[in-house]
Amino acid sequence: MFNSAGIKLKTDTKAPIVIINKLTQCTLKAYDSFQIFGINKPFTFDKAWIPLKTIVEVEKRPDEKLEKLIKAYHSWDEREFSRDDKELNPETIGRYFKYCVVVAGPGMGKSTLLKKLARVYSRDGLPVLFIRLPRLVNRINSGSSFEEGIFMLGLDGSGISFLDVKHSGIQK
C-alpha cells in the first residue's frame, strides 16, 4: 500500500505499520503465480486469472452424518444449482463473511482461489496468513497454542517473527 504510493518506510523498526507492510509485500511475492497441472509454465494471477462463479450457501447441517457430508463434498460437481442460489464475486468473500468455508471437489481450485484472495487483500494493505489445517493441528498437538501455531506457520519464510507481531499488537 505504502510502496505503491511511493512512501518509504523504515525497515529497521518493529512498528505495526512496518510489519503489516512487510507481510503484505511478502504475500504478494509468494503468491505471484499459479500452475495448472500438466503445463510446465507458471501463470501470473494478475494476467491469467479467469473469474470464478461462486455460489453462497448459508446453511448449517450439524445433524447430518459425517459420511453423508463427505459424499456430498466428493460429488460437488454433480450438484444441481437452484435459481435461488446467490452468486458472489469470490474476491469479496472475506469482506462480507467473518467466517467462511470454501467447498469444492478435489483439484477444483480452492487453494488457488485463496492465494488469489491473499493477493487481492494484501494489495489493499490487509495482512493475510495462509495456513494448512493439518500443519496447525500438528503444531497444537506438539504443545503450541492456537495463536502461536497460526502465526508461526503463517509467518514462516516472511522474515517476521511471532514475537514481533505479538509485541506490535497487530494480531488482534
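Because the structure is predicted, anything quoted here is derived from the model rather than measured. (Residues numbered from 1 in each chain as written. Predicted model: local features only at pLDDT ≥ 70, side-chain atom pairs only at ≥ 80, totals over all residues. Heavy atoms only, no water.)

Our focus in this paragraph is the packing of helix α1 (residues 16-30) against helix α5 (residues 110-123). Where α1 contacts α5, the axes come no closer than 9 Å and their chain directions differ by 145 degrees. Relative to α5, the crossing made by α1 is left-handed. Within the contact between the two elements, α1 uses T24, T27 and L28 and α5 uses A118, R119, S122 and R123. Residues belonging to the contact of α1 with α5 are distributed by class as follows: two nonpolar, three polar and two charged. (Axes fitted to C-alpha atoms, helices over the stretch in contact; angles between N-to-C directions. Helix = DSSP H or I, 4+ residues; strand = E, 2+ residues; numbered from the N terminus. Left-handed = near helix turned anticlockwise from the far one by under 90°. Contact = heavy atoms within 4.5 Å. Nonpolar A, V, L, I, M, F, W, Y, C, P; charged D, E, K, R; others polar.)

Attention now goes to the packing of aromatic side chains. Where two aromatic rings form a pair, the distance of their centres and the angle of their planes describe that pair. One pass over the structure, following the stated rule, counts six aromatic pairs. Both rings, one in F151 and one in F162, keep their centres 5.9 Å apart while their planes meet at 35 degrees; by these two values the pair is tilted. Of the two residues, F151 is situated in helix α7 (residues 146-155) and F162 in helix α8 (residues 162-168); the sequence distance between them amounts to 11 residues. Of the two residues examined, F151 and F162, each falls in the buried class. Among the aromatic side chains, those forming a connected cluster through ring pairs are F34, F43, F45 and W49. (Phe/Tyr/Trp six-rings, centres within 6.5 Å; stacked < 30°, edge-to-face > 60°. Buried < 20%, exposed > 50% of the residue type's maximum accessible area, 1.4 Å probe, protein only.)

With that settled, the discussion passes to α5. Helix length check: α5 (14 residues) gives 20 Å between terminal C-alpha atoms against 20 Å at 1.5 Å per residue, within 8%. All of the buried residues along α5 are L113, K116, L117, A118, R119, V120, Y121 and S122. Residues of α5 that are buried sit in contact with α1, α2 (45-48) and α4 (93-96). (Expected span 1.5 Å × (residues − 1).)

This next bit is on the nonpolar core. Listed in full, the 11 residues of the largest apolar core are Y31, F34, F45, W49, L113, L117, A118, V120, Y121, V128 and F130. Looking at which element gives the most residues to this core, the answer is α5, with five residues. (Core = buried A, V, L, I, M, F, W, Y, C linked by side-chain atoms within 4.5 Å.)

Residues at a pLDDT of 70 or more form 83% of the protein, whose mean pLDDT is 82. Taken element by element, the protein is modelled with least confidence in helix α3 (residues 66-74), mean pLDDT 73, and with most confidence in strand β2 (residues 43-44), mean pLDDT 95. (pLDDT = per-residue confidence, 0-100.)

This brings us to α1. Here α1 is 15 residues long and its end C-alpha atoms lie 21 Å apart, about the 21 Å a rise of 1.5 Å per residue gives. Buried within α1 we find V18, I19, I20, N21, L23, T24, T27 and L28. If you follow the buried residues of α1, they end up packed against α5, α7 and α8.

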